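Architecture and fold: a report
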Amino acid sequence: METQIQLTCEDVPGKADARIVRFIGDLDATNVDFTTEKIFGYFDEGLVKIIADFKQLRYVNSTGLGVLLHFNKSAKEKAGCFKIVNLNENVYEIIEIIGATSLLDIYDELDEAVAALV
Amino acid sequence: MSVAFPYTIGVKLQSDPDVIPAMRKFISEALQVSGFSAKFAFRTEIIVDAVCNNAIIYGNESNADSEVEVSCKVHEDRVEVVVKDRGGSVENIERLKEAVNCSKPEGPLADDSEPAGMGLEIVKLLSETIELDVDENNLTSIRVVRKREDTA
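First, a word on scope: everything that follows refers to the structure included in this document. (Residues numbered from 1 in each chain as written. Chains lettered and ligands numbered in written order. Predicted model: local features only at pLDDT ≥ 70, side-chain atom pairs only at ≥ 80, totals over all residues. Heavy atoms only, no water.)

All right, on to the overall build of chain A then. Per the secondary structure count, chain A includes four helices and five strands. When the helices and strands of chain A are listed from N to C terminus, the series reads β-β-α-β-α-β-α-β-α. For chain A, whose C-alpha radius of gyration is 13 Å, the value lies close to the compact-globule estimate of 13 Å for 118 residues. Summarising its shape, the C-alpha atoms of chain A cover approximately 35 × 30 × 25 Å along the three principal directions. A sequence separation of at least 24 residues applies to 69% of the contacts in chain A between residues at least 6 apart. If you average the places of the 11 positive and of the 20 negative side-chain charges in chain A, the two averages end up 6 Å apart. (Helix = DSSP H or I, 4+ residues; strand = E, 2+ residues; numbered from the N terminus. Rg over C-alpha atoms; globule rule 2.2 N^0.38 Å. Contact = heavy atoms within 4.5 Å. Lys, Arg positive; Asp, Glu negative; His and termini not counted. Charge placed at Lys NZ, Arg CZ, Asp CG, Glu CD.)

This is the structure:
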């Protein structure tokens with residue numbers, strides 16, 4: 001069955017090692033492998049600063065939450081970052097329920113996350 | 001549209017995780033049509049997703065020839081989700097008993113070193129009750145009840 005997530009990527013002006021990745025759809029057990037392959041592909045290309053735009057991400061399940069934590073940890077290990085922006089209320093609340101808001105790098109707006117890149 | 005409560009959505013699924021998204025979304029949509037909030041529907045969707053994934057991956061050990069039975073009984077004030085599978089190995093059933101019977105987690109579930117294994121823990125946090133029944137043939141049934149927030 002076709003994966004229910006699309007990832008699109010765009011440059012961050014002036015930041016050669018950063019990318020904005022827009023998540024569109026649902027992140028769940030059916031597409032975490034695809035998503036992991038994409039994100040780690042960026043890491044392998046030296047794009048270790050990822051801003052994940054969740055504006056069009058409708059849903060994340062427990063497996064998806066797990067990989068977000070994994071991306072965050074892996075990016076930091078590579079001296080990068082995995083910043084999340086534009087979370088919808090339902091997804092934010094699930095992250096809050098599992099106690100991960102302090103573990104993940106979450107911003108309200110894309111501009112804030114871009115400005116926080118070092 | 002008026003809805004006559006209770007009603008039941010019942011489906012038998014092939015043991016393939018790819019079939020879960022359509023089913024969980026259908027239940028979520030049905031709940032919203034029945035007057036439950038989008039938040040309630042979203043959280044129920046997460047419950048259905050986690051319990052079904054557990055049933056397929058562990059209970060039926062991803063054997064596509066076996067089935068998972070999903071039943072969602074919708075009452076005016078609550079939803080009861082029942083998921084039945086073949087039980088899997090003795091080790092799986094023991095793991096499941098331990099996961100269901102331990103108390104609700106009090107601290108954060110997540111840490112940055114453990115990317116998996118939160119599914120049933122999240123279900124416990126989102127539900128009123130979770131019960132496990134294992135019959136003499138090791139057929140396993142998990143029943144989860146979630147109450148409507150505004151009547152809880």
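Under the definition given, this model contains 21 salt bridges over all chains. Note that arginine 58 of chain A and glutamate 45 of chain B form a salt bridge whose closest N and O atoms lie 2.6 Å from each other. In this pair, arginine 58 of chain A is assigned in strand 3 (residues 49–60) and glutamate 45 of chain B in helix 2 (residues 38–59), connecting two distinct chains. For glutamate 45 of chain B, a relative accessible area of 1% puts it in the buried group. For glutamate 80 of chain B, the salt bridge identified is with arginine 143 of chain B, shortest N-O distance 3.4 Å. (Salt bridge = Lys/Arg side-chain N within 4 Å of Asp/Glu carboxyl O. Buried < 20%, exposed > 50% of the residue type's maximum accessible area, 1.4 Å probe, protein only.)

Side chains of Asp108, Glu109, Asp111 and Glu112 of chain A sit close together on the surface and give a patch of like negative charge. On the secondary structure map, aspartate 111 of chain A appears in helix 4 (residues 110–115). (Patch = residues over 30% accessible without salt bridge, like charges linked within 9 Å, V, L, I, M, F, W, Y side chains within 5 Å. Areas by Shrake-Rupley, 256 points an atom, 1.4 Å probe, with all protein chains shown as cover.)

Here we take up the environment of leucine 69 of chain A. Here leucine 69 of chain A shows up in helix 2 (residues 62–77). In sequence terms leucine 69 of chain A and alanine 100 of chain A are 31 residues apart; their C-alpha atoms lie 8.1 Å from each other.

This brings us to unusual backbone geometry. The omega torsion of the bond from phenylalanine 5 of chain B to proline 6 of chain B falls at -15°, within 30 degrees of zero and hence cis. A positive phi angle is found at alanine 79 of chain A, which is not glycine, with a value near 65°. Locating alanine 79 of chain A in the fold gives a position in the loop between helix 2 and strand 4 (81–85). In this structure, asparagine 86 of chain A is a non-glycine residue whose phi angle is positive, near 60°.

All names here are of chain A. By the element assignment, threonine 35 lies in helix 1 (residues 32–44). Polar side-chain contacts of threonine 35 include one of 2.8 Å to the backbone oxygen of asparagine 31. Those residues in contact with threonine 35 that lie beyond four places of it in its chain are Ile5, Leu7, Phe23, Leu27 and Phe71. (Polar contact = N/O pair within 3.5 Å; in protein donor to acceptor, adjacent residues only side chain to side chain.)

At the interface, 25 residues of chain B touch 27 residues of chain A. Carbon and sulfur atoms supply 62% of the area that chain B and chain A bury against each other, a total of about 2,300 Å² over both sides. On inspection of chain B and its partner chain A, the count reaches six salt bridges. With its nearest N and O atoms 2.9 Å apart, the salt bridge here joins arginine 24 of chain B to aspartate 26 of chain A. Here chain B is connected to chain A by 10 residue pairs in polar contact (both at pLDDT 80 or more). Of all the secondary-structure elements, those providing two or more residues to the side of chain B that touches chain A are helix 1 (20–33), helix 2 and helix 4 (119–126) of chain B. Partitioning the side of chain B that touches chain A into residue classes produces 13 nonpolar, three polar and nine charged. (Buried area = accessible area lost by both parts, 1.4 Å probe. Nonpolar A, V, L, I, M, F, W, Y, C, P; charged D, E, K, R; others polar.)

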